[in-house]
Amino acid sequence: MDKVGIITLMHVRNIGAVLQAYATKCIIEEAGFEPIFIRAYGIGDAIRFFIGDMGMPKIYNLKFMIKKLLKFNIVFKSFRQKKIKYSKKCKVIVLGSDSIWIPYNRKKRMPKAFFGDVENNNVISFSASTGGINDENLYSSVQKEALMKIKEISVRDIYTQNLLKKILDKDVDIILDPTLLIDWESLISNMNIKREVGVTGKFILVYGGISTKYAFEIKKIAKQLDYQVVNVGTYSKEFKINIAVSPFEFLLYVRDAAMIFSSMFHGIMISFYFEKTFRYIPMDKNRNKKLESMVEILEMDKNFDIYMKLNSPMEDYKRVFNYNNVNEKKSKLIMQSKEWLMSRI
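Residues numbered from 1 in each chain as written. Predicted model: local features only at pLDDT ≥ 70, side-chain atom pairs only at ≥ 80, totals over all residues. Heavy atoms only, no water.

Focus: unusual backbone geometry
Residue S97 follows G96 across a cis peptide bond; omega there is 10°. By the secondary structure assignment, S97 is in the loop between β4 (92-95) and β5 (104-105). One non-glycine residue with positive phi stands out, namely N192, at about 55°. Examined against the element boundaries, N192 turns out to sit in the loop between α6 (184-191) and β10 (203-207). (Helix = DSSP H or I, 4+ residues; strand = E, 2+ residues; numbered from the N terminus.)

Encoded structure:
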C-alpha cells in the first residue's frame with residue numbers, strides 16, 4: 001500500500017489540531033492509502049508548542065493539566081509517526097490542514113518542512129492556513145521559496161488565499177476544514193465515549209479562554225435557563241465544572257450540549273458539524289479572521305447570529321439555529337473538499 005505523508009500540527013495538546021489531523025488521516029485511508037505522520041520539528045519546537053497549548057501549570061490547575069496530557073497522549077498513539085527523513089519514501093506529502101503557515105512559533109521561525117521543504121518532489125497542501133496572517137513581509141525567503149515548490153495548493157480561508165496570491169502570484173483553491181468532512185457521530189458510538197459523572201440534564205458548553213465579563217454573562221444565561229455550565233479545554237476559576245477532555249470526548253460534549261460558547265475556531269466548526277446553537281466569543285484578532293472566512297464560505301452569517309454580544313436579551317439565546325438553509329451548500333462543499341484531496345493523492 002502506498003504511503004502518504006502528513007505534515008501538520010498533530011502532536012500538540014490542542015483539540016482542534018488533533019481533530020483536523022485525525023480527519024485528514026481518515027480521508028487518506030478512505031482513498032486507499034496508508035497515512036504516515038511526519039515529525040517535522042525537533043524537541044525545541046515541541047516544547048514551544050506544548051507551552052502554547054497547555055500554558056504554565058499552577059497549583060489550582062495542575063491535576064487538570066496532567067489529566068489532559070495523559071488523555072492526549074492516548075490519542076497520539078493512533079497516529080503512525082516517522083521522522084522527517086521518511087518523507088522521501090512517501091508517494092506524496094500532504095501539508096495541513098490547520099495553521100501550519102504561521103511564520104513564527106513563539107518568536108522562532110516555524111520549521112521549513114511545514115512550508116514544503118522536504119525530500120519529496122510531490123508535495124500538496126490540504127486546507128492549510130496562515131492563522132489569519134496576511135503580511136508577506138513576516139515570512140523568510142526560505143519559507144517563501146518552499147511554498148513556491150508545492151505542486152497543488154488548497155487553503156481554508158480567504159486571508160491565506162490572498163497572502164499566497166502575493167507570494168506566488170497565482171490563485172489557489174479554498175476548501176472546508178477537514179473537521180467538517182468525516183463522520184464523527186459514528187466515531188463517538190464506536191468508541192463508546194461517556195460523559196463524566198456530574199454532568200446531567202441540559203448544559204452550556206464553554207470551550208477556549210475567555211474574559212471575566214463573558215464568563216459572567218454565560219453564568220447569567222445558564223441561571224435563567226436552568227442549565228449547568230461545563231468548561232472544557234482549559235481550566236477556569238470562573239466555572240464550577242472543568243473537565244479535561246480528550247479530543248474525542250470533546251465531540252461528545254459538543255453533540256450533547258444545549259448551547260456552545262467558544263473562542264476557538266474548531267469549537268465553532270464542530271458546533272456547526274453537529275448543527276448546534278452556538279456563539280463565538282471574539283478574543284483573538286487572527287482567530288477572528290480565520291472564522292470570518294469560513295462563516296462567509298458556509299453562509300453562516302446569512303442564517304445565524306453567531307457572535308456573542310454582551311447584555312443581549314435572553315430571547316436571543318432561546319432562539320435555536322435552523323440549519324435547513326445551509327445544509328445543501330454544506331453537503332456540496334463537503335463532497336468537493338474530499339474530492340480535492342482524493343484526486344491529488
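Side note on the packing of aromatic side chains
The geometry of an aromatic ring pair is captured by two quantities: the separation of the ring centres and the angle between the planes. Under the criterion given, the structure shown has 16 aromatic pairs. Both rings, one in Y273 and one in F274, keep their centres 4.9 Å apart while their planes meet at 90°; by these two values the pair is edge-to-face. With relative accessibility at 19%, the residue Y273 sits in the buried group. Taking the centre distance of 6.4 Å and the plane angle of 75° together, the rings of F278 and F304 count as edge-to-face. On the criterion of sequence distance, the pair formed by F278 in strand β14 (residues 278-280) and F304 in the loop between α11 (300-303) and α12 (314-318) is long-range, its members being 26 residues apart. Neither residue differs from the other here; F278 and F304 are each classed as buried. Joined through ring pairs, the aromatic side chains of F272, F278, F304, F321 and Y323 make up one cluster. (Phe/Tyr/Trp six-rings, centres within 6.5 Å; stacked < 30°, edge-to-face > 60°. Buried < 20%, exposed > 50% of the residue type's maximum accessible area, 1.4 Å probe, protein only.)

Observations concerning the pairing of strand β1 (residues 3-7)
With four of its five residues buried, β1 lies for the most part within the structure. The β-α-β motif built from β1, the intervening helix α1 (residues 15-30) and the parallel element strand β2 (residues 34-39) has right-handed crossover chirality. Judged from the four bridges that link them, β1 and β4 form a sheet pairing that is parallel. Residue pairing for β4: I6 is matched across the bridge by V94. (Right-handed = clockwise from strand over helix to strand, strands pointing away. Pairing = 2+ DSSP bridges.)

Digging into the confidence of the model for the chain
On average, residues of the chain score 90 in pLDDT, and 96% of them reach the 70 mark or higher. When pLDDT is averaged over each helix and strand of the chain, the minimum, 64, is found for helix α2 (residues 43-54) and the maximum, 98, for β4. (pLDDT = per-residue confidence, 0-100.)

Considerations on the sheet that holds strand β7 (residues 123-128)
Across a sheet, strands are paired by hydrogen bonds formed along the backbone, either parallel or antiparallel in direction. Ordered in space as β3-β2-β1-β4-β7-β8-β9, the seven strands form an open sheet in which the pairing is parallel. Taken across any chain shown, the strands that pair with only one partner, and hence form the sheet edges, are β3 (81-83) and β9 (173-174). Sitting on the sheet, helix α5 (residues 158-168) is in contact with β7, β8 (152-155) and β9, with an inclination near 145° to β8. (Contact = heavy atoms within 4.5 Å. Axes fitted to C-alpha atoms, helices over the stretch in contact; angles between N-to-C directions.)

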